[in-house]
Amino acid sequence: MIDWGAIFSNAAVELISPTTAAYALAALGLAIHFGYTGLLNFGQAGFMALGAYGFAISTLSFGFPVWGAVLVGIGASVIFALILGIPTLRLRADYLAIVTIAAAEIVRLLFTTNTFQAITGSANGLSGYKGGFAGLNPIPEGRYGFGPFEYNEYDWWLRIVAWSIVALACLFTWQIMRSPWGRVIKGIREDEDAVRALGKNVYSYKMQSLILGGAFGTIAGMIFVLPRAVVPSNYQTSLTFFIYAILLLGGASTILGPVIGSMVFWVLLSFFSGFIARAVEAGWIPFMTSIQAGQLRFILVGVAIMLIVIFRPQGIFGNKKELAFVK
Amino acid sequence: MSNNTVPSNKPIKSTDLHIGEAEPGCKKRDPILVADGVSRTFGGLKAVDVDHVEIPRGAITALIGPNGAGKTTLFNLLTGFDKPDTGSWTFEGRPLSGMPAFKVARMGQVRTFQLTKALGLLTVMDNMLLGAKGQAGENLFRAIFPFFWRKQEEANKARAIDILERFKLDAKKDDYAASLSGGQRKLLEMARALMSVPSLVMLDEPMAGVNPALTQSLLDHILNLKSEGMTVLFVEHDMHMVRHIADWVIVMAEGRVVAEGDPHEVMRNPAVIDAYLGQHHDEDLGEDPAAESEHVEAIKELLE
């Protein structure tokens, strides 16, 4: 028989997992790009990879402290944003989409290639960079928590840091989006020529937005690798599309949308995979092997996203009124 | 800033704007914009080829001409939205050529668009506030701390309400701009341009697609700009409107300035009739009946 308790508790664990926080932060960065500024960035996975590798390489190869490694990652993503933005932000929106998707793949392949194996670890990736972060942990050793949320001191430390960063990023984004800066950014999304005609340097604003959202993605990439190892195959384009799915699920130009979207996404994903695996074991789906069943959850997520786009196109937190005027 | 400075039926015309004969490229007493040798080609087509043109300060100048005459292209060039092949121009004595559009706007030369560009998913108020210049809160680092910009924001809001009241849009201030009618969007675009306190307002077909009931109020707003000391340059097809409010008319055809002058005089200019002939020879060009029969005579003669 199916163990429903295990399925639900496994799903509940995802609610506050660091991976959920990482996806929420990356989606918030994408909300700044796509939801507020109208920049079609399809390379968020590239920004996350730079964060992960920037942090890991500067710790392992150069012995940087945690704050130094974080700064290296953010510096790398700023340079990446400048390289992407300088040639494309003057052009139409679609060019940025093409260039970012290609650039993110270039970044991933550079980290995968054997040429730099000594530094990047090639396809095997990197591990053993968590010492510095764990060393900052003020929580005494032991297991804490209740029910499904019972972790050791490192896991709690990681969750607290990850969600604090997400909360700060939300506050920051909320504050700048209600300021005159945010007004210019939203104006650019609507019609950049009109904003230009009002004396705003549109190019500079788009660049600021690209750097800011990219930096969010980079920090998300660091949070993402703290509970696991750095593996290049994690940064495929599908990562970007999952983040887009989260963003659309929550609402593209909202602050809480990416956070709640990420929670819903991961809880549903975990629920589906737990349910299907056990349903196959229990013989409920006789025509399927357990390997096939492992892939089915992504199909179900795809169906769920299609349903959202059809029946709630503005997302969970989006403003229905905005859709009344879609061109 | 009041609503009653200009009577709506008989606008006061500025006269004596030019020096010497009213011919293409003639000198003005007090030009705000002077352009020299401006040309722009699209492939094999020379869209704009203007030797010399001056826009008089403090007056309403109309830029007219048949479709494809290069009026909007000239507008785009002068405002930095397009780059010319050759040419230079100055605005209030400062060279503008090659300057990006946002810097042109900051110098006090703002424009509107033929196809209205209201920022649909921003409220009417946000549209207006976007027009204000020199906002501290538009800097990312100051944006984080509201005390840097709150005071300025309040002042801008008060000014925006003031302008919106004149344009009778104040009741709509919290609605999305996308919910406005076409004519209201034109008004909003003009109101938004005023937020930047411009010295030269360039309107690209302000009357296109506006319902006749709103036309008169739009005309009054344009006349108000002049009475507040702004210079207006506008592109228009409606000759009635041109005759009604313009102090000076510049006629373009096939990329060149073919005639200039007082609106009543210029419509009798053979070059203008030539420019419109073939396309518009049987249409009312907006002359009054007496002048019109004369006009028709002129065309008939030309046809013979």
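Keep in mind that this is a model prediction, so the values were computed, not measured.

1. Some thoughts on the overall build of chain A
Turning to step 1, where the next piece is worked out: The number of helices and strands found in chain A is 15 helices and two strands.
Turning to step 2, where the next piece is worked out: Relative to the globule expectation of 20 Å for 327 residues, the C-alpha radius of gyration of chain A, 20 Å, shows essentially globular dimensions.
Turning to step 3, where the next piece is worked out: Counting only C-alpha atoms and orienting by the principal axes, one finds that chain A spans roughly 65 × 50 × 40 Å.
Turning to step 4, where the next piece is worked out: Counting the 327 residues in chain A, one finds 47% classified as buried.

2. Observations regarding the overall build of chain B
Turning to step 1, where the next piece is worked out: Within chain B, the regular secondary structure consists of 11 helices and 10 strands.
Turning to step 2, where the next piece is worked out: Whereas a compact globule of 304 residues would reach a radius of gyration of roughly 19 Å, chain B reaches 20 Å, a difference of no more than 12%.
Turning to step 3, where the next piece is worked out: When the backbone C-alpha atoms are referred to their principal axes, chain B occupies close to 75 × 40 × 35 Å.
Turning to step 4, where the next piece is worked out: Counting only contacts in chain B whose residues sit at least 6 apart along the sequence, the fraction spanning at least 24 positions is 69%.

3. Looking at helix 11 (residues 202-225) of chain A
Turning to step 1, where the next piece is worked out: An ideal rise of 1.5 Å per residue puts 34 Å on 24 residues; helix 11 of chain A measures up with 35 Å between its terminal C-alpha atoms.
Turning to step 2, where the next piece is worked out: Among the 24 residues of helix 11 of chain A, 21 are classified as buried, and the element is accordingly described as predominantly covered.

4. Considering the sheet that holds strand 4 (residues 86-91) of chain B
Residues and elements named next belong to chain B.
Turning to step 1, where the next piece is worked out: The antiparallel open sheet is built from four strands, whose spatial order is 2-1-4-5. One side of each edge strand has no neighbouring strand; the edge strands of this open sheet are strand 2 (45-56) and strand 5 (94-95).
Turning to step 2, where the next piece is worked out: In this structure, strand 4 lies alongside strand 5, joined through two bridges in antiparallel fashion. Residue Phe-91 lies in a different strand from strand 5, and its bridge partner there is Arg-94.
Turning to step 3, where the next piece is worked out: Sheet strands in contact with helix 1 (residues 71-78) are strand 1 (31-42), strand 2 and strand 4, and its direction is about 65 degrees off that of strand 2.

5. Remarks on the interface of chain B and chain A
Turning to step 1, where the next piece is worked out: Taken together, the contact between chain B and chain A spans 31 residues of the former and 25 residues of the latter.
Turning to step 2, where the next piece is worked out: Across the side of chain B that touches chain A, the residue classes break down as 16 nonpolar, seven polar and eight charged.

6. Focus: unusual backbone geometry
Turning to step 1, where the next piece is worked out: Look at A:Ser122: it is not a glycine, yet its phi comes out positive at around 50 degrees.
Turning to step 2, where the next piece is worked out: Relative to the elements of secondary structure, A:Ser122 occurs in the loop between helix 6 (117-120) and helix 7 (131-135).
Turning to step 3, where the next piece is worked out: Phi is positive for B:Lys168, close to 55 degrees, though the residue is something other than glycine.

7. So, the pairing of strand 3 (residues 60-64) of chain B
Residue and element names in this part refer to chain B.
Turning to step 1, where the next piece is worked out: With five of five residues buried, strand 3 lies mostly within the body of the structure.
Turning to step 2, where the next piece is worked out: Side chains Ile-60, Ala-62 and Ile-64 of strand 3 all project onto a buried face; the interleaved residues Thr-61 and Leu-63 project onto the opposite face, where all are buried too.
Turning to step 3, where the next piece is worked out: In the sheet, strand 3 pairs with strand 8 (residues 231-235) via four bridges, with the strands oriented parallel. Bridge pairing in strand 8 links Thr-61 to Leu-233.
Turning to step 4, where the next piece is worked out: The pairing of strand 3 with strand 9 (residues 248-253) spans four bridges and is parallel. Note that in strand 9 the partner of Ala-62 across the bridge is Val-249.

8. Remarks on the packing of helix 9 (residues 180-190) of chain A against helix 3 (residues 124-131) of chain B
Turning to step 1, where the next piece is worked out: Where helix 9 of chain A contacts helix 3 of chain B, the axes come no closer than 10 Å and their chain directions differ by 105 degrees. Considering the angle they form, helix 9 of chain A stands roughly perpendicular to helix 3 of chain B. The segment helix 9 of chain A lies against helix 3 of chain B, with A:Arg183, A:Val184 and A:Gly187 engaging B:Asp126, B:Leu129 and B:Leu130.
Turning to step 2, where the next piece is worked out: Broken down by class, the residue content of the contact of helix 9 of chain A with helix 3 of chain B amounts to three nonpolar, one polar and two charged.

9. Some words on the sheet that holds strand 10 (residues 256-261) of chain B
Residues and elements named next belong to chain B.
Turning to step 1, where the next piece is worked out: Taken in spatial order, the six strands of this open sheet run 6-7-8-3-9-10, and their pairing is mixed. Pairing within the sheet leaves two strands with one partner each, and these edge strands are strand 6 (109-111) and strand 10. Here the average twist between neighbouring strands, direction ignored, is 20 degrees.
Turning to step 2, where the next piece is worked out: In terms of strand pairing, strand 6 meets strand 7 (residues 200-204) through three bridges, oriented parallel. Along strand 7, the bridge assignment pairs Arg-111 with Met-202.
Turning to step 3, where the next piece is worked out: The sheet strands contacting helix 7 (residues 212-227) are strand 3, strand 7 and strand 8, and the helix crosses strand 8 at an angle near 145 degrees.

10. Here we look at helix 3 (residues 44-60) of chain A
Each full turn of the α-helix corresponds to 3.6 residues, which orients residues three or four apart in the same direction.
Turning to step 1, where the next piece is worked out: End to end, helix 3 of chain A covers 24 Å across 17 residues, agreeing with the expected 24 Å (1.5 Å per residue, within 8%).
Turning to step 2, where the next piece is worked out: Helix 3 of chain A sits mainly inside the fold: 16 of its 17 residues count as buried.

11. Looking at the pairing of strand 7 of chain B
Residues and elements named next belong to chain B.
Turning to step 1, where the next piece is worked out: The buried fraction of strand 7 amounts to five of the five residues, a majority that puts the element mostly inside the structure.
Turning to step 2, where the next piece is worked out: Side-chain alternation along strand 7 places Leu-200, Met-202 and Asp-204 on one buried face and Val-201 and Leu-203 on a second face that is also buried.
Turning to step 3, where the next piece is worked out: When strand 7 meets strand 8, the two strands line up parallel, connected through five bridges. If you follow Val-201 over to strand 8, its bridge partner there is Val-232.

12. A short note on the environment of B:Leu214
All names here are of chain B.
Turning to step 1, where the next piece is worked out: Residue position: Leu-214 is located in helix 7.
Turning to step 2, where the next piece is worked out: Residue Leu-214 is classed as partly exposed on the basis of its 17 C-beta neighbours within 10 Å.
Turning to step 3, where the next piece is worked out: Distance from Leu-214 to Val-266, taken between C-alpha atoms, is 27 Å for residues 52 residues apart in sequence.

13. Details of the packing of helix 3 of chain B against helix 5 (residues 150-166) of chain B
All names here are of chain B.
Turning to step 1, where the next piece is worked out: Taken N-terminus to C-terminus, the directions of helix 3 and helix 5 make an angle of 115 degrees; their axes are 9 Å apart at the nearest point. Taken together, the axis directions place helix 3 and helix 5 in an arrangement best described as roughly perpendicular. Crossing geometry of helix 3 relative to helix 5 is assigned as right-handed. Residue-level inspection shows Met-125, Met-128 and Leu-129 of helix 3 in contact with helix 5, the latter providing Asn-156, Lys-157, Ala-160, Ile-163 and Leu-164.
Turning to step 2, where the next piece is worked out: Residues belonging to the contact of helix 3 with helix 5 are distributed by class as follows: six nonpolar, one polar and one charged.

14. Structural notes on the nonpolar core
Turning to step 1, where the next piece is worked out: In this structure, A:Leu25 and B:Val251 are the most contacted members of the largest nonpolar core, which totals 167 residues.
Turning to step 2, where the next piece is worked out: Contacts of B:Val251, omitting those with residues within four sequence positions, involve B:Ile64, B:Gly65, B:Val258, B:Ala259, B:Val266, B:Val272 and B:Ala275.
Turning to step 3, where the next piece is worked out: One finds A:Ala11, A:Phe272, A:Ile276 and A:Val280 within the second-largest nonpolar core, a separate group that totals six residues.

15. Thoughts on the confidence of the model for chain A
Turning to step 1, where the next piece is worked out: Averaged over all residues, the pLDDT of chain A is 90; the fraction at 70 or higher stands at 98%.
Turning to step 2, where the next piece is worked out: When mean pLDDT is taken per element in chain A, helix 11 of chain A scores highest with 96 and helix 15 (residues 320-323) of chain A scores lowest with 71.

Reading the values: rules and limits
Residues numbered from 1 in each chain as written. Chains lettered and ligands numbered in written order. Predicted model: local features only at pLDDT ≥ 70, side-chain atom pairs only at ≥ 80, totals over all residues. Helix = DSSP H or I, 4+ residues; strand = E, 2+ residues; numbered from the N terminus. Rg over C-alpha atoms; globule rule 2.2 N^0.38 Å. Buried ≥ 20, exposed ≤ 12 C-beta atoms within 10 Å, placed from the backbone. Contact = placed C-beta atoms within 7 Å. Expected span 1.5 Å × (residues − 1). Pairing = 2+ DSSP bridges. Axes fitted to C-alpha atoms, helices over the stretch in contact; angles between N-to-C directions. Nonpolar A, V, L, I, M, F, W, Y, C, P; charged D, E, K, R; others polar. Parallel < 35°, antiparallel > 145°, perpendicular 65-115°, else oblique. Left-handed = near helix turned anticlockwise from the far one by under 90°. Core = buried A, V, L, I, M, F, W, Y, C linked by C-beta atoms within 7 Å. pLDDT = per-residue confidence, 0-100.

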